[in-house]
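# Report on the structure
The lines below spell out each chain.
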Amino acid sequence: MRRRTATAVVAALTLAGMAGCGDGKPRPAATAATAPSPTGSPVVAGPPWYDEVSPIDAAGEIGGKASPCPMGIIFSIPAKWRAEAVTAGRDAAIGDAVPMCEIDAKPAGHIGFLRVWDADAGLSQQYTMDKFLDAYGDVTERQYRRTKAGPLDAFEASFLGPNGTRERALLVSTIWGRYLLTLGGADDEEHLAMLPAYQLAKGTAKNNRE
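Just so it is clear, the model here is predicted, and its values are computed rather than measured.

### Considerations on the sheet that holds strand E7 (residues 152–160)
The sheet built from seven strands is open, its strands ordered E3-E4-E5-E9-E8-E7-E6 with antiparallel pairing. Across the chains shown, the open sheet's two edge strands, defined by having one partner strand only, are strand E3 (82–85) and strand E6 (140–149). Sheet twist, expressed as the average angle between the axes of neighbouring strands with direction ignored, equals 20°. Taken together, the seven bridges between E7 and strand E8 (residues 166–174) define a ladder with antiparallel strand orientation. Note that in E8 the partner of Glu156 across the bridge is Leu170. Against the sheet, helix H2 (residues 125–136) engages strand E5 (112–118), E6, E7, E8 and strand E9 (177–185), with an angle of about 30° to E7. Contacting E5, E6, E7, E8 and E9, helix H3 (residues 188–204) runs over the sheet at an angle of about 15° to E8.

### Focus on the pairing of E8
Where burial is concerned, most of E8 is hidden: nine out of the nine residues are buried. Residues of E8 alternate between two faces, with Arg166, Arg168, Leu170, Val172 and Thr174 on one and Glu167, Ala169, Leu171 and Ser173 on the opposite face, all of them buried. Following E8, the chain reverses through two residues before pairing antiparallel with E9.

### Let's talk about the environment of Pro151
Within the fold, Pro151 resides in the loop between E6 and E7. Judged by its relative accessible area of 63%, Pro151 is exposed. Remark: the alpha-carbon pair of Pro151 and Thr174, spanning 23 residues in sequence, is separated by 9.8 Å.

### Some points on the pairing of E5
Counting buried positions along E5 yields seven of seven residues, so the element is predominantly enclosed. In this structure, strand E4 (residues 98–104) lies alongside E5, joined through six bridges in antiparallel fashion. Residue pairing in the sheet places Ile103 in a bridge with Leu114 of E5. In terms of strand pairing, E5 meets E9 through seven bridges, oriented antiparallel.

### What about the confidence of the model for the chain?
This prediction gives the chain a mean pLDDT of 85; 80% of its residues lie at or above 70. Note that residues 1–5 has pLDDT below 50 and, in this model, five contacts with residues that lie over four places away or in other chains. Below pLDDT 50 for its whole length, residues 14–40 participates in 63 contacts with residues either more than four positions away or in separate chains.

### Notes on the packing of aromatic side chains
According to the stated counting rule, one finds four aromatic pairs in the structure shown. Aromatic rings pair up to connect Trp117, Phe132, Tyr136 and Phe159 into one cluster. The ring centre of Trp49 lies 4.2 Å from the NZ or CZ of Arg145, which sits over that ring.

### Thoughts on the environment of Lys148
When you line up the elements, Lys148 lands in strand E6. Between the C-alpha atom of Lys148 and that of Leu171, which follows or precedes it by 23 residues, the distance is 9.8 Å. Within the structure, the side chain of Lys148 is placed 2.5 Å from the side chain of Asp153, a separation counted as a polar contact.

Cut-off values and rules
Residues numbered from 1 in each chain as written. Predicted model: local features only at pLDDT ≥ 70, side-chain atom pairs only at ≥ 80, totals over all residues. Heavy atoms only, no water. Pairing = 2+ DSSP bridges. Helix = DSSP H or I, 4+ residues; strand = E, 2+ residues; numbered from the N terminus. Axes fitted to C-alpha atoms, helices over the stretch in contact; angles between N-to-C directions. Contact = heavy atoms within 4.5 Å. Buried < 20%, exposed > 50% of the residue type's maximum accessible area, 1.4 Å probe, protein only. pLDDT = per-residue confidence, 0-100. Phe/Tyr/Trp six-rings, centres within 6.5 Å; stacked < 30°, edge-to-face > 60°. Lys NZ or Arg CZ within 6 Å of the ring centre and 35° of its normal. Polar contact = N/O pair within 3.5 Å; in protein donor to acceptor, adjacent residues only side chain to side chain.

So this is what it looks like as structure tokens:
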């Protein structure tokens, strides 16, 4: 069967059928096979991390039973960002990551998406991230760090996507497995404009204990 490009997969996500995001079955959290335990990283102002960017105010949560995308991870989103579940399953996978939820920034005046992927392949964080980026397309200027998403261990990547725009990916370890959060925008200006929403999601991430 002919494999679709990652760019085509991402473009098709907005057309995918929408339904619940989780199967309700607990999974043990994956652990890194070769890398040391993640630790909080120092604050880095400016590119590529822009840690000086403050999170925007929260207007709701995604991931709970009553949200459009029930998942093993919960985090806050800003006002007007619209979340919808993705049901394409492995047909829309990139690397080992399967799309679960797409949060559209357009109603808030931005062109881009915050997406959530099931990335519980059971392998090291570095391997899982690299496999996703390798399959994503012509990715350059990769930079990595170990960090925290709320209280949870995470592995973060900043990179230039196939269209040359700065993007971000955050692999978060939960009690239900790993979830990958990605932020992509139409251009670098949109990327910077949406970073407060990404910082909000990153700072409020937590295990779903509902």
